[in-house]
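The residues making up each chain are set out below.
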Amino acid sequence: GNSVTQMEGPVTLSEEAFLTINCTYTATGYPSLFWYVQYPGEGLQLLLKATKADDKGSNKGFEATYRKETTSFHLEKGSVQVSDSAVYFCALRGNAGKSTFGDGTTLTVKP
Amino acid sequence: DTEVTQTPKHLVMGMTNKKSLKCEQHMGHRAMYWYKQKAKKPPELMFVYSYEKLSINESVPSRFSPECPNSSLLNLHLHALQPEDSALYLCASSQGLAGTTDTQYFGPGTRLTVL
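Below, the structure is looked at part by part. (Residues numbered from 1 in each chain as written. Chains lettered and ligands numbered in written order. Predicted model: local features only at pLDDT ≥ 70, side-chain atom pairs only at ≥ 80, totals over all residues. Heavy atoms only, no water.)

**Details of the pattern of salt bridges**
- For the structure shown, the criterion picks out six salt bridges over all chains.
- With its nearest N and O atoms 2.7 Å apart, the salt bridge here joins Asp84 of chain A to Lys77 of chain A. The same class applies to Asp84 of chain A and to Lys77 of chain A, which are both buried.
- Across the pair Glu58 of chain B and Lys98 of chain A runs a salt bridge whose closest N-O atoms are separated by 3.0 Å. Here Glu58 of chain B is found in the loop between strand S6 (53-57) and strand S7 (64-70), whereas its partner Lys98 of chain A is found in the loop between strand S10 (86-93) and strand S11 (99-101) on a different chain. (Salt bridge = Lys/Arg side-chain N within 4 Å of Asp/Glu carboxyl O. Buried < 20%, exposed > 50% of the residue type's maximum accessible area, 1.4 Å probe, protein only. Helix = DSSP H or I, 4+ residues; strand = E, 2+ residues; numbered from the N terminus.)

Below is the structure:
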């Protein structure tokens, strides 16, 4: 079956530091890949997505590139802010309407 | 507009109560989902509706009963719940099911506490 593995957290950074959250996947076929962000007490918000190999998704300074050769979709941001503190979920969407989520990575950014 | 709305935001119920969670989207999406999320865990799929018909039931106990009255609305009826059912219940929608590129959009969730 499909699976997503995210780097374990929590991750604590100082403001303006560089962020990388690793995500690797196992899937049959050609899934789409997503990053969702969840702020405390809220639902999941779509952060970015990529639908085929070598696609780069980007939004609000965050980027991730769909790497089929390494089955990875790592999330990066050049300069994090306190407001980026949240839980980040990597996910893939396979067939028949099912999404597979990673366990989530908690990011805390300190001023 | 990519908004999915859910009501109520918070719900406290006893184990003998009957209550319902509601979800609504006006994006013309034909697939709608219920997820359960425990603290510090990823969402777990419960049910999927496609074109108002139940497509997937992930072996959810019968004390949870989904209903899709029309293409914009999704309900989750709750009866005789257990304290371990306390969680954040998330609704989501997508354009369809067949395409892996369909993005799921999530609502803000209902925080359920069962006493």
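**Observations concerning the packing of aromatic side chains**
- According to the stated counting rule, one finds 11 aromatic pairs over all chains in the structure shown.
- Relative to Phe106 of chain B, the ring of Tyr35 of chain B lies with its centre 5.4 Å away and its plane at 45°, an arrangement referred to as tilted. With Tyr35 of chain B in strand S4 (residues 31-37) and Phe106 of chain B in strand S10 (residues 105-106), this pair connects stretches of sequence that are 71 residues apart.
- Among the aromatic side chains, those forming a connected cluster through ring pairs are Phe34, Tyr36, Phe89 and Phe101 of chain A together with Tyr33, Tyr35 and Phe106 of chain B. (Phe/Tyr/Trp six-rings, centres within 6.5 Å; stacked < 30°, edge-to-face > 60°.)

**A few points about the state of the cysteines**
All names here are of chain B.
- Summed over all chains, the structure comprises two disulfides over all chains.
- Put simply, Cys23 and Cys91 are joined by a disulfide, and their sulfur atoms are 1.9 Å apart. Taking the torsion about the sulfur-sulfur bond, which here is approximately -70°, the covalent link between Cys23 and Cys91 counts as left-handed. In this pair, Cys23 is assigned in strand S3 (residues 18-25) and Cys91 in strand S9 (residues 87-94), connecting sequence segments 68 residues apart. (Disulfide = S-S within 2.5 Å.)

**So, the nonpolar core**
- Core analysis: the largest hydrophobic core is formed by 25 residues, its most contacted members being Trp35, Leu48, Phe73, Leu75 and Tyr88 of chain A.
- Among the elements that line this core, the one with the most residues is S10 of chain A, at four residues.
- Leu75 of chain A has contacts with Leu19, Thr20, Ile21, Trp35, Leu47, Leu48, Phe62, Glu63, Ala64 and Tyr88 of chain A, leaving out every residue within four places of it along the chain.
- The next biggest cluster of nonpolar side chains, apart from the first, holds 23 residues, and it includes Met46, Phe47, Tyr49 and Cys68 of chain B. (Core = buried A, V, L, I, M, F, W, Y, C linked by side-chain atoms within 4.5 Å. Contact = heavy atoms within 4.5 Å.)

**A look at the environment of Gly102 of chain A**
- Relative to the elements of secondary structure, Gly102 of chain A occurs in the loop between S11 and strand S12 (105-110).
- A relative accessible area of 0% means that Gly102 of chain A is categorised as buried.
- Along the chain, Gly102 of chain A and Ser58 of chain A lie 44 residues apart, while their C-alpha atoms are 19 Å from each other.
- In this view, Gly102 of chain A contacts Val4, Gln6, Phe89 and Cys90 of chain A together with Pro42 of chain B; residues no more than four positions away in its chain are not counted.

**Quick notes on the side chain of Asn75 of chain B**
- For Asn75 of chain B, the location among the structural elements is in strand S8 (residues 73-79).
- Once residues within four sequence positions are removed from consideration, Asn75 of chain B is found in contact with Leu21, Lys22, Trp34, Ser65, Pro66, Glu67 and Pro69 of chain B.

**Thoughts on the interface of chain A and chain B**
- Listed as interface residues are 23 residues of chain A and, on the opposing side, 26 residues of chain B.
- Summed over both partners, the interface of chain A with chain B comes to about 1,800 Å²; 50% of that surface belongs to carbon and sulfur atoms.
- When the area that chain A buries against chain B is broken down by residue, the three leading residues are Leu44, Arg93 and Phe101 of chain A, summing to 28%.
- The interface formed by chain A and chain B contains nine residue pairs in polar contact (both at pLDDT 80 or more).
- For the side of chain A that touches chain B, the secondary structure elements donating two or more residues are strand S5 (32-38), strand S6 (44-50), S10 and S11 of chain A.
- Looking at which element gives the most residues to the side of chain A that touches chain B, the answer is S5 of chain A, with four residues.
- Considered class by class, the residues forming the side of chain A that touches chain B number eight nonpolar, 10 polar and five charged. (Buried area = accessible area lost by both parts, 1.4 Å probe. Polar contact = N/O pair within 3.5 Å; in protein donor to acceptor, adjacent residues only side chain to side chain. Nonpolar A, V, L, I, M, F, W, Y, C, P; charged D, E, K, R; others polar.)

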